[in-house]
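One letter stands for each residue in the lines below.
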Amino acid sequence: MLAKLKLLYEMFGLEMPEGELPDFLPLMCEFLYAAEWLDNPDAPENFRMLIAILEDGTYHLLKALEKNNSPYFHLVKGLRETFKACAEQEALSQ
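Residues numbered from 1 in each chain as written. Predicted model: local features only at pLDDT ≥ 70, side-chain atom pairs only at ≥ 80, totals over all residues. Heavy atoms only, no water.

**Q** Please provide a residue-by-residue account of the packing of helix α1 (residues 2-11) against helix α3 (residues 43-67), values included.
**A** The contact between α1 and α3 brings their axes to 11 Å, and the two run at 135°. Regarding the angle of α1 to α3, the classification is oblique. Crossing of α1 against α3: the hand is left-handed. On α3, the residues that touch K4, L5, L8 and M11 of α1 are N46, M49, L50 and I53. Here the residues of the contact of α1 with α3 sort into six nonpolar, one polar and one charged. (Axes fitted to C-alpha atoms, helices over the stretch in contact; angles between N-to-C directions. Helix = DSSP H or I, 4+ residues; strand = E, 2+ residues; numbered from the N terminus. Parallel < 35°, antiparallel > 145°, perpendicular 65-115°, else oblique. Left-handed = near helix turned anticlockwise from the far one by under 90°. Contact = heavy atoms within 4.5 Å. Nonpolar A, V, L, I, M, F, W, Y, C, P; charged D, E, K, R; others polar.)

**Q** Please set out the nonpolar core residue by residue, giving values where relevant.
**A** By size, the foremost hydrophobic cluster in this structure holds 17 residues, and its most contacted members are Y9, F12, M28, F31, F47 and L50. Broken down by element, this core gets its largest block of residues, six residues, from α3. (Core = buried A, V, L, I, M, F, W, Y, C linked by side-chain atoms within 4.5 Å. Buried < 20%, exposed > 50% of the residue type's maximum accessible area, 1.4 Å probe, protein only.)

**Q** Hey, could you go over α1 for me, with residue numbers and the actual values?
**A** What α1 keeps buried is the set L5, L8 and Y9. Along the long axis of α1, the arc covered by the buried residues comes to 100°, so they all point the same way. In α1, the exposed residues that point more than 90 degrees away from the buried face are A3, K4 and L7. Positive backbone phi, approximately 90°, marks G13, located one or two places after α1. (Arc of directions from axis to C-beta.)

**Q** Report on the pattern of salt bridges, specifying residues and quantitative values.
**A** Tallied over the entire structure, the rule returns one salt bridge. Note that K77 is salt-bridged to E81, the shortest N-O span being 3.9 Å. On the criterion of helical spacing, the pair formed by K77 and E81 is a turn pair, its members being four residues apart in helix α4 (residues 72-93). Since its relative accessible area comes to 46%, E81 is described here as partly exposed. (Salt bridge = Lys/Arg side-chain N within 4 Å of Asp/Glu carboxyl O.)

**Q** Give a description of the packing of α1 against helix α2 (residues 25-34) that names residues and reports values.
**A** Contact geometry for α1 and α2: axes closest at 11 Å, N-to-C directions at 30°. The hand of the α1/α2 crossing is left-handed. Contacts between α1 and α2 involve L5, L8 and Y9 from the former and L27, M28 and F31 from the latter. The residue inventory of the contact of α1 with α2, partitioned by class, reads six nonpolar, no polar and no charged.

Dropping the structure here:
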């Protein structure tokens, strides 16, 4: 999965920082913001994979943040709700 993420980043023009893991949440969010994907026909399929990884990876994080009453809980919850809305919108458009 990490190799696929790294390849995905490179395919869409994001250069990974030296020593950074591809599943680092801030890096994944930066990629979603900065990727050159608008005119790429492979973007929907590749982004589905990325969103699935983000949803799976943030589930336990969200639960831990909630348990510890962290202010970051709301940020991660908002990210997850955005992912869900994007997935639902794509499903409606197909």
